[in-house]
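Each chain is listed here by its residues.
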Amino acid sequence: MPAPRTLFEKIWNDHVVWVEPDGPAVLYIDLHLIHEMTSPQAFAGLRRRNRPVRRPDRTVATVDHVIPTRDPNRISDPAVQEVLAAIRRNCAEFGIRLHEVGSEHQGIVHVIGPELGLTQPGMTIVCGDSHTSTHGAFGALAFGVGTSEVEHVLATQCLLQRRPKTFEVRVEGRLRPGVTAKDLILTLIARIGIGGATGHVFEYRGSTLRALSMEERMTICNMSIEAGARAGLVAPDDTTFAWLEGRPFAPRTFEAFRDLTTDEGATFDRSVSIDAGALEPMVTWGTNPSMGIPISGAIPADASEPALRYMDFRAGEPVLGHPIDVVFIGSCTNSRISDLRAAASALKGRKVKARVLVVPGSQQVKRQAEREGLDHIFREAGCEWREPGCSMCIAMNGDELREGQYCVSTSNRNFEGRQGKGGRTILASPLTAAASAVEGRVADPRKYL
Amino acid sequence: MDPITSFRGKAVALNQPNIDTDQITPANYTKVTDKTGLGKILFAHWRYKNPAFEPNPDFPLNRPGAEGATILVAGDNFGCGSSREHAPWALVGYGFRAVVSTSFADIFRSNALKNGLVPIAVDPATHREALEAAEQHLELEVDFPAQTITLPSGRSASFPVDSFAKRCLVQGVDELGYLLAHEPDIAAYESARKK
Ligand code: SF4
């Protein structure tokens with residue numbers, strides 16, 4: 001009998017091309033996703049060495065970070081023009097498929113990979129982007145890498161990697177109404193801390209996970225990195241296969257993926273359990289994603305001073321009811337069709353009391369939302385309905401907060417200045433964001449169910 | 001990249017935990033196609049009062065005596081957040097050769113080593129002493145091959161370095177070169193998987 005193995009070990013072992021004693025593994029990468037922000041220097045390196053891209057057929061590019069979302073073709077910033085010109089030139093020269101502005105499948109890299117069926121169980125997937133962890137929702141080992149490593153993968157389709165440790169996150173029970181996957185992951189990060197899983201790969205397990213949709217699983221895996229984890233995994237099941245079925249690049253049969261689960265008796269280096277039934281909607285009060293509290297709670301007494309100063313909050317106060325200026329509904333965490341449906345359900349027939357940007361994650365999401373009439377609901381409520389891109393998640397495209405503004409955001413990072421210098425970010429679920437938009441203050445979404 | 005041996009340099013302190021890559025290199029300044037010349041945007045939101053790059057006199061790097069520092073001493077979990085390699089590019093561009101902390105985020109640590117920037121994770125007592133020295137802009141000494149850092153008091157402490165990364169940095173071995181040398185293995189792996 002072979003020793004029981006975790007899902008992580010199965011995928012890892014399957015992709016080790018070579019390893020010498022005390023050395024890192026040469027790990028084969030099945031899918032390499034690239035975008036405009038972290039790739040130009042990697043292609044420059046290839047040119048310097050006069051190397052081709054080893055597997056252009058396993059490399060897929062999109063533009064998302066810097067793309068204006070009002071009119072993607074109207075770009076006045078010369079720096080943006082330069083990085084866009086670079087990815088166009090690089091993809092053309094090295095024979096890489098690029099999902100361009102205006103094309104059918106352009107969108108945020110972590111939204112389009114799954115949508116196209118490129119993301120598949122058992123794969124190794126990398127991208128020069130820390131939220132590559134999103135793809136782990138399909139039972140793929142997916143993690144972010146730096147630009148030097150982007151170059152390594154372009155040249156060799158491999159990476160030098162030390163094997164990370166494993167970390168089981170067991171979630172049991174049923175989420176109560178108004179409590180979402182976003183609230184679950186914000187709870188985990190608040191519990192173990194922003195560096196709590198450094199050096200580890202999460203595997204999310206338990207009855208709660210099995211009951212979640214693929215989009216909810218993606219939201220959870222997406223934010224694994226916010227606890228310091230390299231990646232997050234969910235074992236594939238019928239929900240996974242049903243979601244993938246019929247997508248452009250999806251496999252035709254799924255039988256081969258059935259044993260991609262953690263064996264009975266396999267052990268993890270660390271483990272934590274969460275009772276899903278006890279959770280509440282979460283909001284952050286500080287300047288990193290671990291600074292979160294249940295919406296009915298108060299900012300902790302020992303809250304970080306610099307974070308309080310930046311946010312202009314005080315320890316012991318609630319965040320609930322605090323006036324806000326902007327609401328951002330978007331990002332690779334929460335810009336999929338189910339996120340937009342959730343937001344629309346709270347906004348329908350109401351008017352917003354803040355500036356609200358709704359930015360779909362991809363052209364496909366946008367079109368689907370328009371087919372369902374969600375864009376009308378948003379527009380009638382007073383929201384701005386935009387073109388796909390990262391937008392105010394990272395504020396590189398002109399969508400940004402002004403100094404001192406408060407924003408309830410469905411994105412993944414509330415770091416200082418992340419949404420614009422001096423901007424103050426409160427992370428929350430799409431439901432909480434929409435409820436807050438209606439009230440012009442941080443609001444409890446459970447009133448809007 | 002030149003091999004790394006030992007060096008001595010002035011330290012400067014940035015005593016905050018969880019300094020993320022959005023603070024090290026704010027995204028808005030990373031719309032670049034080159035890796036050089038990013039020293040100017042290092043800690044841009046903290047270091048300058050405005051987009052015209054007017055220095056903020058309160059920021060530790062702008063204080064008298066901090067000029068020419070080559071070792072940054074920062075709080076726990078340095079470099080968390082995004083995978084952007086712009087962070088070490090900017091630190092190196094500014095002139096830093098090492099960052100001392102109690103721990104580093106995974107991707108930052110890997111990115112730093114690839115650019116010859118040494119992430120030095122030390123125990124809390126050594127960290128406290130290094131911070132004090134850095135507040136006074138004193139010099140620290142790093143012996144990279146021996147993996148030790150020496151404080152002004154003469155006390156030394158060791159720090160971990162991945163053995164492979166160390167071999168690359170000390171001997172000037174190129175990681176991509178190592179991978180390319182395994183091309184036959186990669187090809188064999190690919191053809192075995194096709195079956
Ligand atoms: S939406 Fe935000 S987190 Fe996601 S890839 Fe874009 S910038 Fe990164």
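Rules used in this analysis
- Within each chain, residues carry numbers counting from 1 in the order of the written sequence.
- Chain A is the first chain written and ligand 1 is the first ligand written, with later ones labelled in order.
- Reporting of local features is limited, given that this is a predicted model, to residues whose pLDDT is at least 70; pairs of side-chain atoms are given and counted only at 80 or more, and all residues count toward the totals for whole chains, interfaces and linings.
- Excluding hydrogens and water, the side-chain figures rest on all heavy atoms present in the structure.
- Salt bridge, as applied in this entry: a Lys or Arg side-chain nitrogen positioned within 4 Å of an Asp or Glu carboxyl oxygen.
- What we call a nonpolar core is a set of buried Ala, Val, Leu, Ile, Met, Phe, Trp, Tyr and Cys residues that are connected through their side-chain atoms within 4.5 Å.
- Only protein chains enter the accessibility calculation, which uses a 1.4 Å probe; a residue is then buried when its area is under 20% of its type maximum, exposed when over 50%, and partly exposed in between.
- Segments assigned H or I by DSSP are reported as helices when at least four residues long, segments assigned E as strands when at least two residues long, and all are numbered from the N terminus.
- By definition, residues are in contact when any of their heavy atoms lie within 4.5 Å.
- Pairing between strands is defined by DSSP: at least two bridges between them are needed.
- Geometry is summarised by axes, namely lines fitted to C-alpha atoms with helices restricted to the contacting stretch, and by angles between N-to-C directions that run from 0 to 180 degrees.
- When two parts are brought into contact, each loses some accessible area as probed by a 1.4 Å sphere; the total of that loss over both is the buried area.
- Nitrogen and oxygen atoms within 3.5 Å of one another constitute a polar contact, given that in protein one can donate a hydrogen and the other can accept it, and given that sequence-neighbouring residues count only through two side-chain atoms.
- Amino acid classes used here: Ala, Val, Leu, Ile, Met, Phe, Trp, Tyr, Cys and Pro are nonpolar; Asp, Glu, Lys and Arg are charged; the rest, including Gly, are polar.

1. Regarding the pattern of salt bridges
Evaluated as defined, the whole model comprises 45 salt bridges over all chains. Counted as one network, the salt bridges with shared partners bring together R51, R54, R55 and D57 of chain A together with E183 and E190 of chain B.

2. Observations concerning the nonpolar core
If you look at the biggest cluster of nonpolar residues, it comprises 145 residues, and the most contacted ones within it are F202, Y204, W285, L347 and F378 of chain A. Tallying contributions element by element places helix α6 (residues 181-192) of chain A first for this core, with 7 residues. Those residues within four positions of Y204 of chain A in sequence are excluded, and the remaining contacts are V169, I185, L188, L209, I220, C221, S224, G232, L233 and V234 of chain A. Among the nonpolar cores identified, the runner-up in size contains 27 residues, and F59, A66, F96 and V99 of chain B belong to it.

3. Things to note about the sheet that holds strand β11 (residues 231-233) of chain A
All names here are of chain A. Pairing within the open sheet is parallel, and its 4 strands lie in the order β11-β10-β9-β12. In the strand order of this sheet, the two ends are held by β11 and β12 (270-275), each with one partner. Shown here is a sheet whose adjacent strand axes are inclined to one another by a mean of 20°, direction ignored. Most of the contacts of helix α1 (residues 7-15) go to β11, to which it runs at about 115°, and overall it touches β9 (165-172), β10 (200-205) and β11.

4. Structural notes on the interface of chain A and chain B
Across the boundary between the two partners, chain A contributes 62 residues, which contact 51 residues of chain B. Each partner contributes to the roughly 4,700 Å² buried at the junction of chain A and chain B, and carbon and sulfur atoms together form 55% of this total. When the buried surface of chain A facing chain B is broken down by residue, Q41, L160 and K421 of chain A rank first, second and third, together holding 13% of it. Between the two partners, chain A and chain B, sit 10 salt bridges. The residue R55 of chain A makes a salt bridge to E190 of chain B at a minimum N-O spacing of 2.9 Å. Run the count over chain A and chain B and you get 32 residue pairs in polar contact (both at pLDDT 80 or more). If you list the elements that add at least two residues to the side of chain A that touches chain B, you get α1, β1 (16-19), β2 (25-28), α2 (40-49), α3 (78-94), α5 (147-156) and β8 (158-161) of chain A. The dominant element in the side of chain A that touches chain B, judged by the number of residues it contributes, is α5 of chain A, at 7 residues. Its residues assigned to classes, the side of chain A that touches chain B comprises 24 nonpolar, 18 polar and 20 charged.

5. Comments concerning α5 of chain A
Residues and elements named next belong to chain A. With 10 of 10 residues buried, α5 is to be regarded as a mostly interior element. Restricting attention to buried positions, one finds in α5 the residues T147, S148, E149, V150, E151, H152, V153, L154, A155 and T156. Of the residues flanking the end of α5, it is Q157, one or two places downstream, whose phi is positive at about 60°.

6. Some details on the sheet that holds β8 of chain A
Residues and elements named next belong to chain A. Read across the sheet, 3 strands follow the order β1-β2-β8 without closing on themselves; strand pairing throughout is antiparallel. What marks the edges here is a single partner per strand, and that holds for β1 and β8. Between one strand axis and the next, the sheet turns by 25° as a mean value, whatever way the strands run. Examined bridge by bridge, β1 and β2 share 3 bridges and lie antiparallel to one another. Bridging from a neighbouring strand, W18 pairs with V26 of β2.

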